[in-house]
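Inside the fold
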Amino acid sequence: MAGHDGSMAEPAHWSRHLPPETEPASVDLLARVSLPAAWAANWRAAPDRPVLRDVDGTWVGGGELLERTEAVAGRLSHAGARPGDRIVVSGAPSVSLVVAHAAALRMGLVVVPVNAAYSEREIEAIVTDSRPTAAVVDRPEMQGWMRTLGVEMVSGIEVELPDGPVPTLDTVASDDPALLPYTSGTTGRPKGALLSHGNLLASAEALLITWRWTSEDRLILALPLFHIHGLGVGVHGTLLAGASAILQGRFDVESVLDVAGSGEATMFFGVPTMYARLAEADGAGRLGNLRLCVSGSAPLSPEMHRRIEERCGQRILERYGMTETVMLVSNPYDGERRAGAVGFPFPGVELRLAAENAEIEVRGPNVFSGYFERPDATAESFTDDGWFRTGDIGAVDDDGYVSIVGRAKELIISGGYNVYPREIEDLLRAQPGVVDAAVVGMPSEEWGEVVTAYLEGSADLDADSAVAAASTELAPYKRPRVVHRVDALPRNAMGKVVRGDLRPPD
Ligand code: MCA
Ligand code: AMP
């Protein structure tokens, strides 16, 4: 096997192989078997210890989490949910949402986390594909859609169902399925990334090691809890470390800085858009009180990295992950946190760059086994020798730091949310008068990229109205913010749109 310097002879299909930061043999990332078993053990060991501060300011301790997750599991089981069944969980951040999630995992259900702002069309695609038995959803409108789509058990976020006996809990194996988050993908049809309990546990253990996350830590958690960043990193890490978190219902610059300034928290995790806003705020220096600030989900520019250090007195630790793999690469906690780089593979993660295009390929106990009931998409996303193709283009410098230098996939990242052009283009093409459509991300200091639509059509095409009509089918973050009508989209000799040649008309 190649060393850190990649010096030994390498097979032709990859150019550089980085082993995990901690050799796999030296740490058993699966020793605790599953997250829910480890969480319950932590809660039992310290029932009075505060774990989560709810959005109304009340603290909930381990003993209460044990009781509440058991009660919810009793209700779900009484209503007919069985291990292996899928359950949609969707809502704004709250302790009740975390309780529903943890209860489902403790009894062996597979959680399908869903964006609380999705449209009926977006929900239908996920429900049709995942066929959940139950849905715990805070938005009444979405509860109605779930019922119409035939979901048997639908409740609000408090799981207001009749009580029942507590089923067997905390007996899942590492290989059992745990989470089924959906990613739209380049085909426009969403696919579920099936993550096992082992995948989630291995990644959370690696975070604890790399970021020195201990029970003394308290996280300011202002991320949505339906993506890996807020859920798989923020919630899972907090509960595994036996630490605590302050849940903020939504991201608000002043609230984050107030908590940071009060000295009651030690960490903050955010996307670059959040840091861009924090750096511009009065009293941004309050962020400097924290032990650790982590950025991820989208590139943090070296300029922004420096600006935050200057304004907030905080040297950001940037890391890189994906829904399919949880966390992959992190800057070091003690060593240099290098601006513009994402760092070294987490414990357990091996990384290599494909020789032909430097695409990052990974493997490890954190990497999912495939897309739910999509053998073709799964086969395409793994190499013949079993490495997952991330679709991100990487580089490794002489010190072994990995950087993301591009994307092999058509993906726009706006404010840390992924937007796949294909899904939006398909909706735009269906609008009257639209001959063709192309959607790209234009650079933006605040959002990273702004979703921008080019519509091909005659001079009387009302491009804004066409986009507005398509937007009713899309969650707000996917809606094109900039719209151009063009006589003809730039095409190559094969007739394919050349995205790189798209320019606003004069
Ligand atoms: C909100 N809006 C957006 C976005 N967010 N538009 C484009 N892109 C967005 N990301 C819209 C709102 O609907 C509103 O539209 C307008 O922008 C202004 O809203 P504002 O109040 O300023 O926004 P906000 O509520 O403060 O949200 C900004 C945000 C949020 C806090 C940065 O986008 C956010 O929480 N992003 C994090 C997403 C995340 O967790 N990603 C992780 C996935 P209008 O004016 O029309 O009403 S990736 C992942 O999990 C992997 C594993 C990883 O590596 O982490
Ligand atoms: P998702 O599919 O929502 O899990 O998003 C994963 C994608 O986000 C990755 O494939 C990357 O393209 C991107 N990403 C996550 N973290 C970073 C980062 N620190 N720098 C650049 N891109 C990132």
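Located above this text is the structure these notes cover.
Right, let's walk through the structure included here. Residue numbering note: each chain is counted from 1, following its sequence as written. Whichever chain is written first becomes A and whichever ligand is written first becomes 1, with later ones labelled in order. Given that this is a predicted model, residues contribute local features only at a pLDDT of at least 70 and side-chain atom pairs are listed and counted only at 80 or more, while totals for whole chains, interfaces and linings are drawn from all residues. Remark: hydrogens and water are excluded; side-chain values derive from all non-hydrogen atoms of the structure.

Turning our eyes to something else, we now look at the overall build of the protein. In this description a helix means any DSSP run of H or I spanning at least four residues, a strand means any run of E spanning at least two, and both kinds are numbered starting from the N terminus. Regarding its fold elements, the protein presents 13 helices and 27 strands. Here the radius of gyration uses the C-alpha set of atoms, whereas the globule reference equals 2.2 Å times the residue count to the power 0.38. Over its C-alpha atoms the protein spans a radius of gyration of 23 Å, differing by no more than 12% from the 23 Å that the globule rule assigns to 506 residues. Counting only C-alpha atoms and orienting by the principal axes, one finds that the protein spans roughly 65 × 60 × 50 Å. Out of the 506 residues in the protein, the part that is buried amounts to 59%. Sequence separation of 24 or more characterises 66% of the internal contacts of the protein that already satisfy a separation of 6 or more. Here the protein displays about 19600 Å² of accessible surface, and carbon together with sulfur accounts for 51% of that area. We call a residue buried when its accessible area falls under 20% of the maximum for its residue type, exposed when it is over 50%, and partly exposed in between, using a 1.4 Å probe and counting protein chains only. Here, two residues are considered to be in contact whenever any of their heavy atoms come within 4.5 Å of each other. For every accessible area listed, the method is Shrake-Rupley and the probe measures 1.4 Å; residues are considered covered only by the protein chains on display.

Before going further, it helps to examine the pattern of salt bridges. Definition used for salt bridges: Asp or Glu carboxyl oxygen within 4 Å of a side-chain nitrogen of Lys or Arg. What the rule picks out here adds up to 40 salt bridges. Residue Arg-131 is joined to Glu-373 by a salt bridge in which the shortest nitrogen-to-oxygen separation is 2.9 Å. Of the two residues, Arg-131 sits in the loop between α4 (120-130) and β6 (134-137) while Glu-373 sits in the loop between β20 (370-371) and α11 (375-381), which places them 242 residues apart along the sequence. The class for Arg-131 is partly exposed, based on a relative accessible area of 43%. Salt bridges linked by common partners bring Glu-410, Arg-422, Glu-425, Asp-426, Arg-429, Asp-436, Glu-456, Arg-491 and Arg-499 together as one network.

With 5 of its 6 residues buried, strand β15 (residues 317-322) lies for the most part within the structure. Here a strand pair is declared whenever DSSP counts at least two bridges between the two strands. In this sheet, β15 lies alongside strand β14 (residues 292-295) in parallel orientation, the contact comprising 2 bridges. Directly across from Val-294, in β15, lies its bridge partner Leu-317. Convention used here: a crossover is right-handed provided that the path from the first strand, over the helix, to the second strand proceeds clockwise when the strands point away from the viewer. Handedness of the crossover joining β14 and β15 through helix α10 (residues 302-312) is recorded here as right-handed. Sheet topology note: the β15/strand β16 (residues 326-330) ladder contains 4 bridges and is antiparallel. Along β16, the bridge assignment pairs Gly-321 with Met-327. Hairpin connection from β15 to β16: 3 residues lie between these consecutive antiparallel strands.

Right, let's talk about helix α1 (residues 35-45) for a bit. Listed as buried for α1 are Leu-35, Pro-36, Ala-38, Trp-39, Ala-40 and Trp-43. In the core, the buried residues of α1 are packed alongside β2 (50-53), α2 (62-78), α3 (95-106), α6 (197-210) and α7 (228-241). A distance of 3.2 Å separates the backbone nitrogen of Ala-37 from a side-chain oxygen at the start of α1, and that oxygen is part of Ser-34. For the purposes of these results, a polar contact is taken to be a pair of N or O atoms within 3.5 Å, where, inside protein, one atom must be able to donate a hydrogen and its partner to accept one; residues adjacent in sequence count only when each atom of the pair is a side-chain atom.

A few words now on the site of ligand 2. A cutoff of 4 Å decides nearness: a residue is near a molecule or strand if any of its heavy atoms lies inside that distance of it. Residues in close proximity to ligand 2 total 15 residues, the closest being Arg-319, Thr-323, Asp-392, Lys-409 and Asn-418. Within the backbone of Ser-297, one N or O atom sits 3.1 Å away from a nitrogen atom of ligand 2. Considering ligand 2 on its own, with 510 Å² of exposed area, one finds that the protein chains cover 92% of that surface. The element that contributes the greatest number of residues to the shell around ligand 2 is β15, accounting for 5 residues. Tallied by class, residues from the shell around ligand 2 come to 7 nonpolar, 4 polar and 4 charged. Note on residue categories: nonpolar means Ala, Val, Leu, Ile, Met, Phe, Trp, Tyr, Cys or Pro, charged means Asp, Glu, Lys or Arg, and polar means any other residue, Gly included.

Moving on to the environment of Ala-276. Residue position: Ala-276 is located in helix α9 (residues 272-280). Sequence separation of Ala-276 and Glu-445 is 169 residues, and the distance between their C-alpha atoms is 7.9 Å. Excluding anything up to four places from it in sequence, Ala-276 contacts Met-304 and Glu-445.

Time to look at the packing of α1 against α3. Axis lines are fitted to C-alpha atoms, over the contacting stretch for helices. Their N-to-C directions set the angle, which ranges from 0 to 180 degrees. Orientation of α1 relative to α3, taken along the N-to-C sense of each, is 115 degrees, at an axis distance of 9 Å. Classed by the angle they form, the pair α1 and α3 counts as roughly perpendicular. Relative to α3, α1 is oriented so that their crossing is left-handed. Side by side, α1 and α3 meet where Pro-36, Trp-39, Ala-40, Trp-43 and Arg-44 of the first sit next to His-101, Ala-102, Leu-105 and Arg-106 of the second. Residue classes in the contact of α1 with α3 are distributed as 6 nonpolar, 1 polar and 2 charged. Angular relationships are summarised with four words: roughly parallel below 35 degrees, roughly antiparallel beyond 145, roughly perpendicular across 65 to 115, and oblique for the angles in between. Take the far helix as your reference; a near helix turned counterclockwise from it by less than a right angle gives a left-handed crossing, and one turned clockwise gives a right-handed crossing.

What follows concerns the packing of α2 against α3. Across the interface, α2 lies against α3 with an axial gap of 8 Å and an inter-helix angle of 65 degrees. You can see that α2 and α3 cross each other, and the crossing is right-handed. Contact with α2, carried on its side by Leu-65, Leu-66, Arg-68, Thr-69, Glu-70, Val-72 and Ala-73, involves Val-95, Ser-96, Val-99, Ala-100, Ala-102, Ala-103 and Arg-106 of α3 and no other residues of that element. Here the contact of α2 with α3 is built from residues that sort into 9 nonpolar, 2 polar and 3 charged.

End to end, α6 covers 20 Å across 14 residues, agreeing with the expected 20 Å (1.5 Å per residue, within 8%). Burial within α6 is extensive, with 13 of its 14 residues counted as buried. Remark: Arg-212 follows α6 within two positions and exhibits a positive phi of approximately 55 degrees. Each residue after the first adds 1.5 Å to the expected span of a helix.

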